[in-house]
Amino acid sequence: MSSSLPTRLYRGAIKIARRNRRQSPNVKVIEGLVECPCCGEFQVLENLAPGNVARCTRCGQPLERRNKTSPIATPLAFCITSAALYLATIASSLMTLNLYGRERSVDLLTGPMELLHEGWGEVGVLVGLVTILAPGVVIAMMGLILTSAFFDELPDWAPHLLAWYEKLRPWSMMEVYILGIFVAYTKLVDLAHVEVGAAAYLIAALMISMATTDQTLDKDLIWKRRRVEGTLERPDGTRVVVDRVNIHDIEMPPVQNMLSCHSCGLVGAFPEPVPQTRSVGLCPRCGHDMQRRKTNSLTRTTALVLAALIFYFPANLFPVMTVIKVGSGGGHTIIEGVIELWQDGMIPLSLLVLFASITVPVAKIVGLGFMIIQTERKAEHGLLFRSKLFRIIDVIGRWSMIDVFMISILVAVVRFSSLANVTANAGVVSFASVVVITIFAVHCFDPRLMWDVAGHNGPVTPDEPPERDELTGVAQTAGANIQNEMEPARA
Ligand SMILES: [Zn+2]
Ligand SMILES: [Zn+2]
């Protein structure tokens, strides 16, 4: 660590060595080097000064953020606040509706339970997962991770927990739920007297507290507290020695020999070119499978985008809910809900719902489809635009849940038999499916592939078949032109 050097991000393209000179069979773990998760560029990243954000020099993706606040104590304080707010939210009432003297009060759990009773169990479970279970689990995990970071060295379970935290965090949708409550409230005020319960305000506070935990959390600093094992376990069970080096002490290894751990970001340089998606061993820092790119990224994303496209039509053509007011009424589709808000004079809100429920799913399906096609075509232009598009799609994806949340609240609270009643309809299942499937599709897509096929990340090494004498029963068909025979590890 050359801490005396001023903190800055050095720009520099990586020269690709034409030939591998005689190299040691050891794996090098390179400090001071990071790979951009969005475009695959390896770049030198010095110790970042507090208050700074390092961005990728090629695509602008934030690589590291250093806060001015304490890296562990501050997020821990907000995490404890979140835990208290979460428990209070669960115990409080969300909304009370008073219609001609008849009162009905609901809490967070009522919506999912009503959906379950009505036969829309899949949507009920989904709403319960993302508004009750996931936030609770995420807060508990973060509390454990931050507590473990107080030790001099991160305990063995912490890396797994941090990896799971990353996976689960997007599924905690409190910030979307608060908008769902707001839309539901505006739909209810002209129907009956609505009293907003404490839970609504607590959720708003919880949303801010959870967002602040994430903002003040410094995962890179936490990872730096984790030791790097002296050996790396190869897929065949053998172990190779790991050399820890600093990027300033060595020549930049060939880019096709390097990869970064998808979980903790540790950069490793291997003696041979790294296959595109096959695992080359377990990360010596976090134990995650080390592979260069996500497995079957394009195939999986294509399948999920097509599935989302199929669900998209019933989601918009079929009513998502039936609203009965004094014996009359009928089904509402998503777009009818938007029009109704507009006619009621709630123009900003109707535009918000239009954006979240109509624009976002279309943008995700069309955007991902476009990125898949361009990657298959090995297109070389518009890479920066596509990388930005991917980041936008990734961020906005969850906001489509507004309508699903609104329906879950209306279904729970408007239960006055023929006087006023709201029930869910088949459309909501399709709509929720579109949202969930597209979230998975974005997760499966590896944006670095776009830069790979355009030739910006060095030669692509195909996934070789397994070694001759190992992994019996696996056909050795694929993987033409193996560039470099993998050296069996001599640990
Ligand atoms: Zn980048
Ligand atoms: Zn790792």
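Residues numbered from 1 in each chain as written. Chains lettered and ligands numbered in written order. Predicted model: local features only at pLDDT ≥ 70, side-chain atom pairs only at ≥ 80, totals over all residues.

## Things to note about the environment of Met207
The condition that has to hold: Note on conventions: DSSP H or I runs of at least 4 residues are helices, E runs of at least 2 residues are strands, and numbering of each starts at the N terminus.
As for its position among the elements, Met207 is in helix H6 (residues 198–216). When the C-alpha atoms of Met207 and Met174 are compared, they prove to be 5.7 Å apart, with 33 residues separating the residues in sequence.

## A short note on helix H1 (residues 73–91)
For an α-helix, the turn length of 3.6 residues means that residues three or four places apart are oriented alike. Put simply, the rule is: To estimate how far a helix should extend, the number of its residues minus one is multiplied by 1.5 Å. Here the C-beta atoms are placed from the backbone, and a residue counts as buried if at least 20 other C-beta atoms lie within 10 Å of its own, exposed if 12 or fewer do, and partly exposed otherwise. Two residues qualify as a contact pair if the distance between their C-beta atoms, derived from the backbone, is within 7 Å.
Here H1 is 19 residues long and its end C-alpha atoms lie 27 Å apart, about the 27 Å a rise of 1.5 Å per residue gives. By the burial criterion, the buried members of H1 are Pro75, Leu76, Phe78, Cys79, Ser82, Leu85, Tyr86 and Thr89. Next to the buried residues of H1 lie helix H3 (121–148) and H6.

## Comments concerning the confidence of the model for the protein chain
Going by this rule: A residue's pLDDT is the confidence the predictor assigns to it, expressed on a 0 to 100 scale.
Averaged over all residues, the pLDDT of the protein chain is 86; the fraction at 70 or higher stands at 89%. Every residue in residues 1–22 is under pLDDT 50, and counting partners more than four places away or in other chains gives 28 contacts. Overall, residues 468–491 carries pLDDT values under 50, and its contacts beyond four positions in sequence, including any with other chains, amount to 36 contacts.

## A look at the environment of Ser82
Mapped onto the elements of the fold, Ser82 is located in helix H1. Sequence-wise, Ser82 and Ala211 are 129 residues apart; in three dimensions their C-alpha atoms are separated by 9.7 Å.

## Side note on H3
Quick reminder of the rule: The angle separating two fitted axes, one through the seven residues that finish at a residue and one through the seven that start at it, defines the bend at that residue.
Across its 28 residues, H3 extends 37 Å between first and last C-alpha, which sits within 8% of the 40 Å expected from 1.5 Å per residue. By the largest-angle criterion, Leu129 marks the main kink of H3, which is about 45 degrees.

## A word on the sheet that holds strand S6 (residues 95–99)
This is how the line gets drawn: Paired strands, as defined in this entry, are two strands with at least two bridges between them according to DSSP. Note on definitions: angles span 0 to 180 degrees between N-to-C directions of axes, and those axes are lines fitted to C-alpha atoms, for helices only across the stretch in contact.
If you walk across this open sheet you meet the 3 strands as S7-S6-S8, and the pairing is antiparallel. A strand with exactly one partner marks an edge of an open sheet, and here the two such strands are strand S7 (102–106) and strand S8 (193–196). Across this sheet, the average inter-strand angle for adjacent strands is 15 degrees, counted without regard to direction. Pairing geometry for S6 and S8, over 4 bridges, is antiparallel. Residue pairing across strands places Leu97 opposite Val194, the latter belonging to S8.

## Remarks on unusual backbone geometry
Even without a glycine there, the phi angle at Asn296 is positive, about 45 degrees. Relative to the helices and strands, Asn296 is located in the loop between strand S12 (267–269) and helix H8 (297–317). A count of 13 C-beta atoms within 10 Å places Asn296 in the partly exposed class. Residues other than glycine seldom take positive phi values, yet Lys378 does so here, at roughly 55 degrees. Turning to its location among the elements, Lys378 is positioned in the loop between helix H10 (347–376) and helix H11 (383–396).

## As for the pairing of strand S14 (residues 328–332)
Bridge analysis of strand S13 (residues 321–325) against S14 gives 5 bridges, and the strand direction is antiparallel. In the sheet register, Lys325 faces S14, and the bridge partner there is Ser328. Between S13 and the antiparallel strand that follows it, S14, lie 2 residues; Val326 among them carries a positive phi value of about 45 degrees.

## Section: the nonpolar core
The condition that has to hold: Residues enter a nonpolar core if they are buried, belong to Ala, Val, Leu, Ile, Met, Phe, Trp, Tyr or Cys, and are joined to the set through C-beta atoms within 7 Å.
Counting 129 residues, the largest nonpolar core has Val123, Val404, Leu410 and Val428 as its most contacted members. With 12 residues, the single largest contributor to this core is helix H13 (residues 426–444). The contact partners of Val123, leaving out residues within four places of it in the chain, are Leu115, Val404, Ala424, Val428, Val429 and Ala432.

## Description of the pairing of S13
In this sheet, strand S16 (residues 420–424) lies alongside S13 in antiparallel orientation, the contact comprising 5 bridges. Opposite Val323, over in S16, you have Val422 as the bridge partner.

## Digging into the packing of helix H12 (residues 402–413) against H13
Relative orientation and spacing of two packed helices are given, respectively, by the angle between their axes and the distance between those axes. The condition that has to hold: Handedness of a helix crossing follows the sense of rotation of the near helix relative to the far helix, less than a right angle counterclockwise being left-handed and clockwise being right-handed. Residue polarity is assigned by list, with Asp, Glu, Lys and Arg as charged and Ala, Val, Leu, Ile, Met, Phe, Trp, Tyr, Cys and Pro as nonpolar; anything else, Gly included, falls into the polar class.
Orientation of H12 relative to H13, taken along the N-to-C sense of each, is 140 degrees, at an axis distance of 9 Å. The two elements H12 and H13 cross, and the hand of that crossing is left-handed. Together, Asp403, Val404 and Ile407 of H12 and Val428, Phe431, Ala432 and Val435 of H13 make up the contact between the two elements. A per-class count over the contact of H12 with H13 returns 6 nonpolar, no polar and 1 charged.

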